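Topology and contacts: notes
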Amino acid sequence: QAVKKGQWLVVFPEGTRSATGALLPLKRGAFHFALQQSLPLLPIYIHNTYAYKPKLRATAWPCQIQVAVGHLIPNQSAPQNPADFRQQSQALMQQVTQALQALQGELRSRF
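**Topic: the environment of Gln64**
Structurally, the position occupied by Gln64 is in the loop between α2 (49-52) and β2 (66-69). Residue Gln64 is classed as exposed on the basis of its relative accessible area of 53%. Apart from the residues within four sequence positions on either side, Gln64 is in contact with His47 and Asn48.

**A word on helix α3 (residues 82-110)**
Taking 1.5 Å as the rise per residue, α3 with 29 residues should run 42 Å; its terminal C-alpha atoms sit 42 Å apart, in good agreement. Within α3 the residues assigned to the buried category are Phe85, Gln88, Ser89, Leu92, Met93, Val96, Leu100, Leu103, Gln104 and Leu107. Contact partners of the buried residues in α3: α1 (29-37), β1 (44-47) and β2. Here α3 starts with a cap whose side-chain oxygen sits 2.9 Å from the backbone nitrogen of Ala83, and that cap is Asn81.

**What about the nonpolar core?**
Ranked by internal contacts, the top residues of the largest apolar core, which has 17 residues, are Leu26, Phe31, Leu41, Leu92 and Val96. Broken down by secondary-structure element, the contributors of at least two residues to this core are α1 and α3. Considering every element that reaches this core, the biggest residue donor is α3, with 7 residues. Among residues more than four places away in sequence, those in contact with Leu92 are Phe31, Leu35, Leu41, Ile73, Pro74 and Asn75.

**With respect to the pairing of β1**
The alternating pattern of β1 places Tyr45 and His47 on a buried face and Ile44 and Ile46 on a face that is not buried. Note that β1 and β2 share 4 bridges and pair antiparallel. Across the sheet, Tyr45 pairs through a bridge with Ala68, a residue of β2.

Rules and cut-offs
Residues numbered from 1 in each chain as written. Predicted model: local features only at pLDDT ≥ 70, side-chain atom pairs only at ≥ 80, totals over all residues. Heavy atoms only, no water. Helix = DSSP H or I, 4+ residues; strand = E, 2+ residues; numbered from the N terminus. Buried < 20%, exposed > 50% of the residue type's maximum accessible area, 1.4 Å probe, protein only. Contact = heavy atoms within 4.5 Å. Expected span 1.5 Å × (residues − 1). Polar contact = N/O pair within 3.5 Å; in protein donor to acceptor, adjacent residues only side chain to side chain. Core = buried A, V, L, I, M, F, W, Y, C linked by side-chain atoms within 4.5 Å. Pairing = 2+ DSSP bridges.

In short, geometric facts, not functional conclusions.
Set out below in structure tokens:
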């Protein structure tokens, strides 16, 4: 087992930083791994990192960053059928995308 009980694995499923702060489409790899390992998912949205370290700039700029933590998304064991696996992985991606969008909206309305 790649991740043992009591350990955390942090991934950034967008695969790259946004140049504008907009949420980018999520990549499948993190969700496939989470599904294979039956790991629950905890959506965390970090706002304003694009201002801290712009994508094409070598150095960071001082700025305020906000972090919002969502609710834990339980994960079932991986199905054996490849079609079911893809469907379940896609469903996890949609749940996390919706959670991140909600967290993003929460932070924007607060600040």
